[in-house]
Number of protein chains: 2
Amino acid sequence: MRIAGLSEASGVSISTLKYYLREGLLHPGDARAVNQAEYGEGHVRRVRLIRALLELGKLQLAEIRRVLAAVDDEGVAIHDAFGVAQDAMVPARDRDSPEYRRAFVAVEEFVRRHGMRVRQDAQVRGMLADALVAMWSGGWDLDLRTFDASMPRILAEAGQELEGVPDDDRAVQMEVTVIGTIAYEVALAALRRMALEHASAERFALSALSGSAHGT
Amino acid sequence: MRIAGLSEASGVSISTLKYYLREGLLHPGDARAVNQAEYGEGHVRRVRLIRALLELGKLQLAEIRRVLAAVDDEGVAIHDAFGVAQDAMVPARDRDSPEYRRAFVAVEEFVRRHGMRVRQDAQVRGMLADALVAMWSGGWDLDLRTFDASMPRILAEAGQELEGVPDDDRAVQMEVTVIGTIAYEVALAALRRMALEHASAERFALSALSGSAHGT
């Protein structure tokens, strides 16, 4: 298909596609003639992946480039590529406060307690520690032991989710896994926010007026 | 305290604090003398809230301003303010594809099915629909019925979480709720990513070499 067809198939405007091409996020199409390139299904999938990372994952361009490099590098085994993509999905941050170090120790204990195979230098450890520090600084005295009871369920769900990844070619497996990671956690966050809005309506909107304005 | 004290108490550099002041995110301190302002605990809490929204929530400045306006407007009842803050935490997006409309209908049915008090125009509905569209376009045939079994648990947890909000003044309640929303979902996303890395190690990293390189 031409670039107009790629635009239609992916729901992304031609000018945005050209921007992705210029930024090196999207592979060039096969050159057919001067100013004519042919795009295929791989391009459609790639555009969807970029959109998910940009709009749902809110990643920066440099982070997206790292994720895509991991997706593309056929020389890297899929589990290692998955680790690189996972790391790129965690924004780099300055982490050297005493609170952060305390949180990081709690994360290490948590990972060990649940026997999880998470790389020692995986960025997701810092992501969890960041969230802990934010909770503490915001007045929540959260202990990771709170999650001990739910972790076996989360592990079982992740195992099932990964079984849903097709035994397909490596590029498809990587793309499906990355989109699944990002989109599924946005979905879970949305469910939680809905539940919080419901709980807030139950707790704070007791008057008939508020009730009718906010009930469904 | 002076601005140097605020910097120390919040872990944010003086130049960043000045930036927050210029952008109107942080209220000016009480003027004591020319070039001297006094800051208090409210300022420390506000700086922590801004950091959580910026760094964990990855919100844009305009979105953060809307959240803070809801936190500050004492004339708005807390449940309504919570709704405004919730809406501001969902990035605005162009949503008019047929897939989006199909996803939105699925979200409406889901909210109704679980009897949730979620405003008809709550942005979180669009957030869930976005995630669904991304899953579909990424090759996951996800149906919201998948979440039917876990929704009662998510609702119960949200109720408990809201009980943890102190019966304090309105500003503290709003700040605690907003930080809790953002930080808790980052924590849950991190737990899920760890579980996925573990599952990937179990599925894809079967060789002794990968196993020893990635096990904890």
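Right above here is the structure, for reference.
How each quantity is defined
- Residue numbering note: each chain is counted from 1, following its sequence as written.
- Just so you know, chain letters begin at A and ligand numbers begin at 1, following the order they were written in.
- Given that this is a predicted model, residues contribute local features only at a pLDDT of at least 70 and side-chain atom pairs are listed and counted only at 80 or more, while totals for whole chains, interfaces and linings are drawn from all residues.
- Side-chain measures here rest on the full set of heavy atoms in the structure, leaving out hydrogens and waters.
- Here a strand is any run of E in DSSP of at least two residues, a helix any run of H or I of at least four, and the numbering for each starts at the N terminus.
- Any residue under 20% of the maximum accessible area for its type is buried, any over 50% is exposed, and the rest in between are partly exposed; the area is computed with a 1.4 Å probe on protein chains only.
- Identification of polar contacts relies on pairs of N or O atoms within 3.5 Å, with a donor-acceptor requirement for protein atoms, meaning one able to donate a hydrogen and the other able to accept it, and with residues adjacent in sequence counted only if both atoms are side-chain atoms.
- Residue contacts follow a heavy-atom distance rule, with two residues in contact if any of their heavy atoms lie within 4.5 Å.
- All copies are superposed by least squares; the fitting set is the C-alpha atoms of residues with a pLDDT of at least 70 in both.
- Stacked, tilted and edge-to-face are the three classes assigned to paired rings of Phe, Tyr and Trp, where Trp is represented by its six-membered ring and a pair needs centres within 6.5 Å; plane angles under 30 degrees give stacked, over 60 edge-to-face, the rest tilted.
- Only lysine NZ and arginine CZ atoms are considered, and such an atom sits over a ring when it is within 6 Å of the ring centre and within 35 degrees of the ring normal.
- When a carboxyl oxygen of Asp or Glu is within 4 Å of a side-chain nitrogen of Lys or Arg, the pair counts as a salt bridge.

A few words on the side chain of R46 of chain B. Residue and element names in this part refer to chain B. Considering the arrangement of structural elements, one finds R46 in helix α3 (residues 41–56). Using a relative accessible area of 4% as the deciding quantity, one classes R46 as buried. In terms of polar contacts, R46 uses its side chain to reach the backbone carbonyl oxygen of L25, at 3.5 Å. Not counting chain neighbours up to four residues away, the residues in contact with R46 comprise L25, L26, H27, L68, V71, D72 and E175.

Turning our attention to the relation of the copies chain B and chain A. Note on the identical chains: chain B maps onto chain A by a rotation of 180° and an axial translation of 0.0 Å, with an RMSD of 0.0 Å. With respect to symmetry, the two chain copies, as superposed, fit the operation of a two-fold axis. Residues of chain B ranked by C-alpha distance from the rotation axis are headed by K58 of chain B, positioned 3.5 Å from it. A share of 100% of interface residues in chain B that are also interface residues in chain A marks the association as one of identical surfaces.

Residues and elements named next belong to chain A. For the structure shown, the criterion picks out six aromatic pairs over all chains. Aromatic pair Y19 and Y20: ring centres 6.3 Å apart, planes at 50°, arrangement tilted. The class for Y20 is buried, based on a relative accessible area of 3%. Consider the rings of Y100 and F104, whose centres lie 6.0 Å apart with planes at 40°: the pair is tilted. Here F104 and Y100 lie together in helix α6 (residues 98–113), a separation of four residues that amounts to about one turn. The buried category is assigned to Y100, whose relative accessible area is 11%. Sitting over the ring of W136, R102 keeps its end group 4.1 Å from the ring centre.

On the chain A side, the residues contacting the 83 residues of chain B number 83 residues. Where chain B packs against chain A, one counts 10 salt bridges. Measuring nitrogen to oxygen at the nearest pair gives 2.5 Å for the salt bridge that ties R192 of chain A to E161 of chain B. At the junction of chain B with chain A, the criterion picks out 23 residue pairs in polar contact (both at pLDDT 80 or more).

That's the geometry; what it means functionally is another story.
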